[in-house]
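Take a look at the letters that make up each chain.
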Amino acid sequence: ADINLTISSWLPPAHPINVDMLEGLIDMMEQATDGKVSGEIKLGLAPPPAQMDLILDGAADITILFNGYQPGRFIATKLIELPGYQGSAEAASVAYWRAHEQFLAKADEFKGTKVIALTTHGPGQIHSNKPVKTLADLNGLKTRLGGGVSADVGAELGLVGIQVPAPKVYETLSSGAADAVAMNMGERLSFKLNEVAKNVYEMPGGFYRGAFAVLMSQEKFDSLPDDVKTALEEKVFGEPASKMMGIAWDKSDDDARAATLAAGDNTIVTASEEDQAKFAEMAERVRAKVLAEISDLGIDAQAAHDMVAETMASYGK
Amino acid sequence: MPIAFAMGVVGMVGMTYETGFRAAISLVSRLIIDTSQDYGLSVVPLFILMGLFVNKGGISRELYQVSNAFLGHFRGGLAMATIAACGGFAAICGSSLATAATMSKVVMPEMRKLGYSDELSSASIAAGGTLGILIPPSVILVIYGLLTETSIGKLFIAGIIPGILGILFYLVAVQISVYRNPDAGPAGRRFSFSEKMAALRGVWSVLLLFFLVIGGLYGALDFWPIHLTFSPTEAAGMGAMGAFLIALFRGSLTVRETLTVLKETAGTTAQLFSVLIGAWIFSNFVNYAGLPESLKEMIVSAELSPWLVITVIILIYVALGCVFESLSMLLLTVPIFFPIVTGLGFDAVWFGIVVVVVTEISLITPPVGLNVFILRSVVGDISVATIFKGVTPFWMMDIVRLLILVLFPWLVLVLPSQM
Amino acid sequence: MKSIARLLHRLSELPMLLAAATLFVLMVLTFADVIMRSTFSAPIEAATELTRIAMAVIVFSALPVISGRAEHIVVDLLDPLFHRAGVERVLDGLITLACGVLLVWPALRCFDLADRARSYGDLTEYLAIPVHYITWFIAFMTLITAAAMALRGVVTLFKPDLLGGARD
Ligand code: NA
Ligand code: NA
């Protein structure tokens with residue numbers, strides 16, 4: 001390739017973000033530009049919260065952020081993390097991108113960079129090493145939360161927050177220093193949760209979702225030849241890449257669910273109708289709080305929320 | 001030249017070559033900011049603090065007294081007692097330098113009084129001190145664990161058997177030394193049974209702290225309904241607090257002394273962190289330049305046998321260990337070798353112990369052996385050459401131990417596999 | 001000159017006291033967190049971020065002091081060579097000065113990064129402490145470290161007698 005972009009990632013080598021999503025992005029860029037643009041993934045250049053600096057200072061060309069790792073910086077994007085939406089990660093990622101275009105970009109939370117894809121993992125559930133049968137069982141559970149909306153939901157559920165970086169989740173759960181972790185189903189494979197968190201307590205639509213953003217150095221993008229820019233903008237960046245990532249999340253969730261059911265000693269408990277109704281009330285409170293935060297940025301948060309819900313509900317139909 | 005700056009500057013120049021000055025200086029700054037706030041690294045000051053508090057409680061002397069009561073009457077007995085006491089001190093102190101420095105103040109005068117040769121007495125302390133990073137807790141194992149995302153708890157537990165093996169082999173080295181030169185270590189007096197028992201009573205605090213820290217890491221402190229399990233940082237915090245309370249309880253700690261200990265720990269922490277940051281900058285460059293991948297590809301394409309590769313890596317370590325400062329050696333090489341070694345199917349915990357054993361060796365091999373240097377500076381009237389001469393049988397036994405651990409990985413892995 | 005050196009030495013006790021106090025707090029905090037979690041299932045949720053802040057305070061309070069006192073870990077194979085040639089002091093002074101000067105760039109960039117954290121509104125997770133305070137502290141103390149090393153370098157070169165009396 002004429003242009004080889006350095007893509008920074010902080011996730012474990014075999015994580016779907018690396019092997020499916022970022023590699024998928026490279027494939028899409030190669031195809032769209034007839035091989036003129038390619039990319040190379042570099043692991044461990046900087047810790048997660050420093051990823052945006054890598055882009056701003058030209059140490060890498062593309063990176064992926066987990067917004068929840070930077071409290072205070074990303075408020076508007078919490079919109080997609082809210083509980084209550086029904087639908088796949090694919091639908092959510094597409095809706096996220098559209099909502100960003102139409103509403104959220106105004107807050108300019110990724111300022112100085114070029115946003116090339118937005119995605120969210122599938123519904124976030126509670127994985128525990130103690131049996132959890134009802135919503136009430138969650139009260140007092142020492143749980144690793146990922147930041148963002150998951151922290152607000154955790155407070156409603158009565159979870160006790162434990163802060164550990166993702167690679168330490170296995171150790172923390174196996175030693176009993178934590179009882180549970182909040183993650184999407186797919187991470188059961190990435191973090192070997194089938195061994196240390198044999199119980200999944202599942203809320204249809206999830207307790208929360210987790211927002212990711214793929215950013216490119218604006219400077220690097222500007223330096224590309226015009227035909228390449230056009231090809232990338234039309235065929236890769238934005239909705240196509242976001243959708244591709246959402247599909248990869250859904251696939252990882254499906255794989256993990258199958259592996260969990262096949263493990264024999266793992267159980268997946270789905271919340272009862274009654275508990276779903278109880279959680280809907282909690283979700284309502286979280287939604288009101290977060291939408292108020294987003295409204296404070298001068299965004300019509302309610303309209304944005306309704307647009308996401310609507311897009312997801314009608315997605316693929 | 002400060003080693004931190006040497007590595008930092010080389011890394012910075014390399015990064016500038018790879019990505020340009022603006023990106024390089026930004027990466028360096030981020031490393032300065034992020035390394036100092038790394039949660040995992042908070043075990044470092046806490047374990048250092050634990051060792052210093054424990055020492056204020058007079059534990060190093062008691063450890064020596066009990067070892068002497070049991071071993072002193074043999075030929076070379078005081079040197080053997082030194083090794084055993086170092087092993088005991090290593091169980092509460094995470095650093096080899098601190099172990100050597102502490103024990104030298106206690107045992108060097110005693111051995112001289114009994115007519116031990118400077119060679120043997122200094123060598124037994126320098127070598128015994130290296131056990132500090134193998135027998136848990138260990139700052140080096142913590143850093144290896146953080147670098148490679150290997151469980152620090154498992155690494156600690158894995159260090160126990162090789163550490164005991166280390167003590168036994170050093171005892172053999174003492175015997176070799178006195179066999180070659182019987183005047184080097186005359187036998188001391190024999191202690192009565194009641195004297196031995198009295199001496200034993202002095203070491204309860206070491207045992208208590210060791211079981212608190214290691215038991216907590218192991219998840220073995222299960223006193224229903226209270227179940228204590230610690231992360232490494234928590235184990236270090238509990239150990240430091242425990243050591244503080246023991247020293248306080250024994251009435252050997254004033255406010256002024258507490259302050260001195262805290263300040264000394266802070267100073268050592270800053271020293272270590274600047275080396276860490278410097279090495280991180282350098283290894284960031286190595287990572288950026290893609291050296292580990294290129295090496296890996298080379299090995300894969302040459303179809304070398306895993307055992308040949310591991311042998312070569314160990315030989316490189318022993319050679320580097322002669323001339324390199326130990327911590328920097330570890331920080332510079334592990335990011336390169338770890339992916340290769342685990343890629344070949346070797347166990348990450350096992351490799352961590354192997355790396356620590358070669359690091360131990362590096363501490364006492366000429367021309368750069370930090371334990372030898374530290375002893376030289378603490379004792380004063382002794383030459384580096386004398387210590388290096390005396391320590392030769394010790395690092396030779398280390399090589400034998402290394403060989404055994406490489407041939408029988410079971411010795412390393414049996415305890416952590418129970419966790 | 002002597003009195004300035006003594007004053008600097010005395011002044012350097014302040015950051016060391018801050019580091020010592022923070023370390024003690026860190027120890028007690030970790031202990032309390034474990035006890036609270038194990039006995040009451042109520043860990044101190046902010047312990048992790050407080051630990052991180054405490055670490056930065058300990059390291060960067062002590063760093064200028066150990067740098068000014070030339071207590072960095074040094075390994076030099078070539079030392080004996082220069083010792084004989086009698087240029088040891090000059091070399092030492094030059095290197096220390098160079099280290100101080102080189103440190104100015106990252107120090108200034110750390111200020112930029114602090115500024116960036118402020119402009120993005122970064123906060124800590126539980127206590128919502130603005131991240132740029134911590135980054136700014138690190139930047140400032142790195143700059144002080146640079147100054148301390150440069151000063152020590154200059155003194156080593158031109159006024160070596162000052163180093164003995166009151167270690168700067
Ligand atoms: Na130790
Ligand atoms: Na050596």
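Everything numeric here is computed off the predicted structure, so don't read it as measured data.

Enquirer: Could you give an account of the UniProt feature "transmembrane region" (unreviewed entry) in chain C, naming the residues involved and the relevant values?
Expert: Residues and elements named next belong to chain C. As recorded in UniProt, the sites labelled "transmembrane region" (unreviewed entry) are residues 51–70, 90–108 and 128–151. With 90% helix and 0% strand, residues 51–70 has end C-alpha atoms that lie 28 Å from one another. Overall, residues 128–151 shows 88% helix and 0% strand. The separation of its end C-alpha atoms is 38 Å.

Enquirer: Any chance you could break down the interface of chain C and chain B for me, citing the residues and the numbers?
Expert: The interface is formed by 50 residues belonging to chain C together with 53 residues belonging to chain B. Summed over both partners, the interface of chain C with chain B comes to about 4600 Å²; 79% of that surface belongs to carbon and sulfur atoms. Where chain C meets chain B, there are eight residue pairs in polar contact (both at pLDDT 80 or more). Only α2 (13–40), α3 (47–68), α5 (88–102), α6 (104–120) and α7 (131–158) of chain C provide two or more residues apiece to the side of chain C that touches chain B. For the side of chain C that touches chain B, the leading source of residues is α2(C), giving 18 residues.

Enquirer: Which residues make up the environment of Tyr96(A), and what values go with them?
Expert: Residue and element names in this part refer to chain A. With respect to the helices, strands and loops of the structure, Tyr-96 is situated in helix α3 (residues 89–102). For the pair Tyr-96 and Leu-79, spaced 17 residues apart in the sequence, the C-alpha separation amounts to 8.3 Å. Beyond its immediate stretch of four places on either side in the chain, Tyr-96 contacts Asn-67, Thr-77, Ile-80, Leu-104, Leu-118, Thr-119, Thr-120, Ala-211 and Phe-212.

Enquirer: Provide a residue-level description of a positive patch on the surface, including the pertinent values.
Expert: All names here are of chain C. A cluster of basic residues, Lys-2, Arg-6, Arg-10 and Lys-159, forms a positive patch at the surface. Among the secondary structure elements, Arg-10 is positioned in helix α1 (residues 2–11). According to the relative accessible area criterion, Arg-10 is exposed, its value standing at 60%.

Enquirer: I'd like to hear about α5(C), residue by residue, with values.
Expert: An α-helix turns once every 3.6 residues. As a result, residues three or four positions apart point the same way. With 15 residues, α5(C) extends 21 Å between its outermost C-alpha atoms, agreeing within 8% with the 21 Å of an ideal straight helix rising 1.5 Å per residue. Considered for burial, the residues of α5(C) that qualify are Gly93(C), Thr96(C), Cys99(C) and Gly100(C). Across the axial projection of α5(C), the buried residues extend over an arc of 130°, all falling on one side. Where α5(C) is buried, its residues meet α1 (3–19) of chain B together with α6 and α7 of chain C.

Parameters at a glance
Residues numbered from 1 in each chain as written. Chains lettered and ligands numbered in written order. Predicted model: local features only at pLDDT ≥ 70, side-chain atom pairs only at ≥ 80, totals over all residues. Heavy atoms only, no water. UniProt positions renumbered as here; feature names shortened; annotations may be inferred. Helix = DSSP H or I, 4+ residues; strand = E, 2+ residues; numbered from the N terminus. Contact = heavy atoms within 4.5 Å. Buried area = accessible area lost by both parts, 1.4 Å probe. Polar contact = N/O pair within 3.5 Å; in protein donor to acceptor, adjacent residues only side chain to side chain. Patch = residues over 30% accessible without salt bridge, like charges linked within 9 Å, V, L, I, M, F, W, Y side chains within 5 Å. Areas by Shrake-Rupley, 256 points an atom, 1.4 Å probe, with all protein chains shown as cover. Salt bridge = Lys/Arg side-chain N within 4 Å of Asp/Glu carboxyl O. Lys, Arg positive; Asp, Glu negative; His and termini not counted. Charge placed at Lys NZ, Arg CZ, Asp CG, Glu CD. Buried < 20%, exposed > 50% of the residue type's maximum accessible area, 1.4 Å probe, protein only. Expected span 1.5 Å × (residues − 1). Arc of directions from axis to C-beta.

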